[in-house]
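Observations on the model geometry
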2 protein chains.
Amino acid sequence: MTDEKTQIKQNFIEGLSGISSFWGFPKGMGAIFAVLYISPAPLSLDELVEQTGLTKGAISTNVRSLARMGLIRPVTRLGDRKDYYEAETDFYKSIRAILKERQNSEFDQAVASVRETLSKLESGQGAFAPAERAFLTERVRALSDFFSALDSLTSAISRLDGLGIGTIQTVLKILK
Amino acid sequence: MTDEKTQIKQNFIEGLSGISSFWGFPKGMGAIFAVLYISPAPLSLDELVEQTGLTKGAISTNVRSLARMGLIRPVTRLGDRKDYYEAETDFYKSIRAILKERQNSEFDQAVASVRETLSKLESGQGAFAPAERAFLTERVRALSDFFSALDSLTSAISRLDGLGIGTIQTVLKILK
DNA sequence: TAGAACGTTTAGTTGTTACTAAACAAAGTA
DNA sequence: TACTTTGTTTAGTAACAACTAAACGTTCTA
């Protein structure tokens with residue numbers, strides 16, 4: 001492979017690595033996905049080792065995460081004991097999977113604790129003076145509403161599915 | 001302050017701390033914001049030290065980040081050398097500020113490098129075989145389009161502004 | 001001018017995370 | 001059975017991020 005080809009691909013791989021780490025995932029995960037994404041054929045674990053420079057162990061764990069999130073798919077070939085992997089190309093599908101993955105996690109738990117605070121305030125718990133209770137209730141409720149709105153938005157994204165950019169553009173127009 | 005009151009507030013503070021760290025910010029930042037958010041009056045740095053348990057240094061740096069992101073506002077009192085801070089209560093405003101902050105950062109840079117890859121492929125750089133070039137171009141373009149869509153969505157969020165939940169609900173209905 | 005009140009900066013500590021290297025397990029093949 | 005091929009798990013490492021404690025620089029006040 002010529003130097004220029006390698007460099008173009010390398011640049012792409014590094015770009016996805018950066019995006020990955022930006023969103024709080026390991027840089028290696030981004031690299032693995034990138035390599036698979038620009039590969040015409042599914043790759044084995046050893047091919048991934050070769051093309052990413054990571055070790056088998058790292059590939060093994062990152063590949064598992066990627067598969068769990070639906071960003072890549074395992075491909076098994078009959079009579080071949082190796083595992084192969086290919087990238088998922090429907091990003092909306094992937095996003096839905098990622099959001100689902102992240103749900104039920106610390107985030108939802110944290111949001112729940114805010115809601116809990118609200119209901120305690122509303123049900124009269126705690127020896128708050130009337131004015132203080134009113135103040136706190138209003139603030140915490142506003143925050144809780146805000147989380148609800150965010151929730152709606154993320155589930156909207158989940159539903160974008162195969163609709164693609166056209167739909168999003170439409171939505172944007174509606175939002176003026 | 002009675003134990004129950006303290007506990008309710010503490011629960012709220014811990015909730016926001018969790019949310020903060022979930023989104024990749026220091027836990028302390030969430031705690032500081034939480035304390036300010038449920039305070040009827042602006043608080044000084046020392047009051048924040050007292051109520052969060054963090055040290056002055058930590059408060060100092062975190063408060064600066066929060067202010068830069070527009071999540072809190074400095075309040076100066078005439079004839080008082082202390083700095084006071086109050087929470088921003090318009091979350092949509094805050095989100096817009098945060099997105100703006102995060103932009104021009106690693107993320108945009110990374111996305112740019114993907115776009116760069118695309119334009120190199122399209123302009124015929126690199127000694128790719130025709131079929132390989134077509135394949136790569138298609139894949140990288142799909143990814144680039146996807147980022148554009150995400151971009152549109154985030155700027156849509158920015159624009160939600162004071163519209164609130166009602167608008168979002170409307171959008172959701174349109175998305176079916 | 002000395003000292004106090006504040007906020008910032010710095011050095012050092014702690015905890016976390018993604019990784020490597022290597023041991024290990026499982027399953028096929030000679 | 002022994003050996004090979006494959007993937008997983010574990011122990012250790014290096015880098016990093018958030019924090020504490022304390023030194024520091026300013027600005028106000030006596």
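Above: the structure in question.
Residues numbered from 1 in each chain as written. Chains lettered and ligands numbered in written order. Predicted model: local features only at pLDDT ≥ 70, side-chain atom pairs only at ≥ 80, totals over all residues. Heavy atoms only, no water.

**Points about the overall build of chain A**
- Helix and strand counts for chain A stand at eight helices and three strands.
- Helices and strands appear in chain A in the N-to-C order α-α-β-α-α-β-β-α-α-α-α.
- Burial analysis of chain A (176 residues in total) assigns 45% to the buried set.
- Pairs at least 24 residues apart make up 46% of the contacts formed inside chain A by residues separated by at least 6 positions.
- Of the roughly 9200 Å² of accessible surface on chain A, a fraction of 54% belongs to carbon and sulfur atoms. (Helix = DSSP H or I, 4+ residues; strand = E, 2+ residues; numbered from the N terminus. Buried < 20%, exposed > 50% of the residue type's maximum accessible area, 1.4 Å probe, protein only. Contact = heavy atoms within 4.5 Å. Areas by Shrake-Rupley, 256 points an atom, 1.4 Å probe, with all protein chains shown as cover.)

**Considering the pairing of strand S3 (residues 83-87) of chain A**
Residues and elements named next belong to chain A.
- Of the pairings in the sheet, the one linking strand S1 (residues 43-44) to S3 comprises two bridges and is antiparallel in character. Across the sheet, the residue bridging to Ser-44 is Tyr-84, located in S3.
- Relative to S3, strand S2 (residues 72-76) runs antiparallel, the two being bridged by five bridges. Considered in S3, the bridge of Pro-74 is made with Tyr-85.
- Joining the antiparallel neighbours S2 and S3 is a turn of six residues, in which Gly-79 adopts a positive phi near 70 degrees. (Pairing = 2+ DSSP bridges.)

**Overview of the packing of helix H1 (residues 3-22) of chain A against helix H2 (residues 27-37) of chain A**
Residue and element names in this part refer to chain A.
- The contact between H1 and H2 brings their axes to 7 Å, and the two run at 140 degrees. In terms of orientation, H1 lies oblique with respect to H2. Considering only the axes of H1 and H2, their crossing is right-handed. Side by side, H1 and H2 meet where Phe-12, Ile-13, Leu-16, Ser-17, Ser-20 and Ser-21 of the first sit next to Lys-27, Met-29, Gly-30, Ala-31, Phe-33, Ala-34, Val-35 and Tyr-37 of the second. (Axes fitted to C-alpha atoms, helices over the stretch in contact; angles between N-to-C directions. Parallel < 35°, antiparallel > 145°, perpendicular 65-115°, else oblique. Left-handed = near helix turned anticlockwise from the far one by under 90°.)

**With respect to the protein's contact with DNA strand D**
- Around DNA strand D lies a shell of 16 residues, among which Lys56(A), Ser60(A), Arg81(A), Asp83(A) and Thr55(B) are the nearest.
- Within 4 Å of the protein, the contacting atoms of DNA strand D are 72% sugar and phosphate, with bases supplying the remainder.
- The separation between a base nitrogen of DNA strand D and a polar side-chain atom of Lys56(A) is 3.0 Å.
- Breaking the surface near DNA strand D down by element, the ones donating at least two residues are helix H4 (56-68) of chain A together with helix H4 (56-68) of chain B.
- A per-class count over the surface near DNA strand D returns four nonpolar, six polar and six charged. (Near = heavy atom within 4 Å. Polar contact = N/O pair within 3.5 Å; in protein donor to acceptor, adjacent residues only side chain to side chain. Nonpolar A, V, L, I, M, F, W, Y, C, P; charged D, E, K, R; others polar.)

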